[in-house]
Amino acid sequence: MTIDYAAIEARRAELRREHVLPHRPSSSARGLHHVALLSSDVERTITFYQDLLEFPLTEIIENRDYKGSSHFFFDIGNGNLLAFFDFPGLDLGPYQEVLGGLHHIAISVDPATWERLRGKLEMAGVPHQIESGASIYFKDPDGARLELLADHLGEMYGSRVL
């Protein structure tokens, strides 16, 4: 299959012209409360996110939608949370990337933290890929793809996106 990259770029430019407003109104949202992922092992997830990535665990409560399930939260800075559910007794199968599903979560960290966490990932033997000297891509214990990005919030590879 041949991909017409010029047509894709032309369409992207057209969408940008039509939909990126010169005077962007304020968002109706206050911010991202949390992103919820699934965990097959609560303790392993806590160890990975709190001990390895240094995202403090803030709370563990029962999931209101499924008795016996835990809903637990990690502080990822700036008032944002990364949350998880476990579903004991359900065989959910391994992580899959599907259309409409999660591709990855990008979390901004300062450059010194980026370097420290890169070293911790290497020491822990977590396979990872570095892109553009500012992004580290890797998977959590259940296969969810994460990115640690050394760019500031609202920036992407030197460009303002917010």
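Residues numbered from 1 in each chain as written. Predicted model: local features only at pLDDT ≥ 70, side-chain atom pairs only at ≥ 80, totals over all residues. Heavy atoms only, no water.

S.K.: I'm lost on the overall build of the chain in this one. Help?
M.R.: Broken down by element type, the chain carries three helices and ten strands. Put simply, the chain runs from its N terminus to its C terminus through helices and strands in the order α-β-α-β-β-β-β-α-β-β-β-β-β. In terms of overall dimensions, the chain has a C-alpha envelope of 50 × 40 × 35 Å along the principal axes. Out of the 162 residues in the chain, the part that is buried amounts to 30%. For the chain, the share of sequence-separated contacts (at least 6 apart) that also reach a separation of at least 24 residues comes to 46%. As presented, the chain carries roughly 11100 Å² of accessible surface, and 55% of it is formed by carbon and sulfur atoms. The average position of the 15 basic charges and that of the 24 acidic charges among the side chains of the chain differ by 6 Å. (Helix = DSSP H or I, 4+ residues; strand = E, 2+ residues; numbered from the N terminus. Buried < 20%, exposed > 50% of the residue type's maximum accessible area, 1.4 Å probe, protein only. Contact = heavy atoms within 4.5 Å. Areas by Shrake-Rupley, 256 points an atom, 1.4 Å probe, with all protein chains shown as cover. Lys, Arg positive; Asp, Glu negative; His and termini not counted. Charge placed at Lys NZ, Arg CZ, Asp CG, Glu CD.)

S.K.: Teacher, can you tell me more about the pairing of strand E6 (residues 128-131) here?
M.R.: Each regular strand carries side chains that alternate between the two faces of the sheet. Bridge analysis of E6 against strand E7 (residues 135-139) gives four bridges, and the strand direction is antiparallel. Bridge pairing links glutamine 129 to tyrosine 137 in E7. Counting the residues between successive antiparallel strands, the hairpin from E6 to E7 contains three residues, one of them, serine 132, with a positive phi of roughly 55°. (Pairing = 2+ DSSP bridges.)

S.K.: Help me understand the pattern of salt bridges in this model?
M.R.: Side chains that differ in charge, positive against negative, can pair when their charged atoms come close. Inspection of every chain in the model, using the stated rule, returns nine salt bridges. In this structure, glutamate 54 and arginine 116 form a salt bridge, with 2.7 Å as the shortest nitrogen-oxygen distance. Remark: arginine 116 occurs in helix H3 (residues 111-123) and glutamate 54 occurs in the loop between helix H2 (42-52) and strand E2 (57-62); sequence separation between them is 62 residues. Looking at glutamate 54, the relative accessible area reads 31%, which means it is partly exposed. The shortest N-O distance in the salt bridge between arginine 118 and glutamate 122 comes to 3.2 Å. Here arginine 118 pairs with glutamate 122, and both are found in helix H3, just four residues apart, close to one helical turn. Each of the salt bridges in this network shares a partner with another, and the network as a whole consists of Glu54, Arg116 and Lys120. (Salt bridge = Lys/Arg side-chain N within 4 Å of Asp/Glu carboxyl O.)

S.K.: For this particular structure, what's the right way to read the sheet that holds E6?
M.R.: Sheets are built from strands paired through backbone hydrogen bonds, the pairs being either parallel or antiparallel. Within the open sheet, the four strands sit side by side as E5-E8-E7-E6. Their pairing is mixed. In the strand order of this sheet, the two ends are held by strand E5 (105-108) and E6, each with one partner. In this sheet, neighbouring strand axes are inclined to one another by 20° on average, regardless of whether the strands run parallel or antiparallel. (Axes fitted to C-alpha atoms, helices over the stretch in contact; angles between N-to-C directions.)

S.K.: What am I meant to see in the sheet that holds strand E4 (residues 81-85) here?
M.R.: If you trace the four strands from one edge of the open sheet to the other, you get E1-E4-E3-E2, paired in mixed fashion. This sheet does not close on itself; its edge strands, each paired only once, are strand E1 (34-38) and E2. Sheet twist, expressed as the mean angle between neighbouring strand axes with direction ignored, is 20°. By the bridge criterion, five bridges tie E1 to E4 in an arrangement that is parallel. Opposite alanine 36, over in E4, you have alanine 83 as the bridge partner. The strands touched by H2 are E1, E2, strand E3 (70-75) and E4; relative to E3, the strand with the most contacts, the crossing angle is about 5°.

S.K.: So what exactly am I meant to see when it comes to the side chain of histidine 71 here?
M.R.: Mapped onto the fold, histidine 71 is located in strand E3. Not counting residues up to four positions away in its chain, the partners in contact with histidine 71 are His34, Glu59, Ile60, Ile61, Asn63, Ala83, Phe84 and Phe85.

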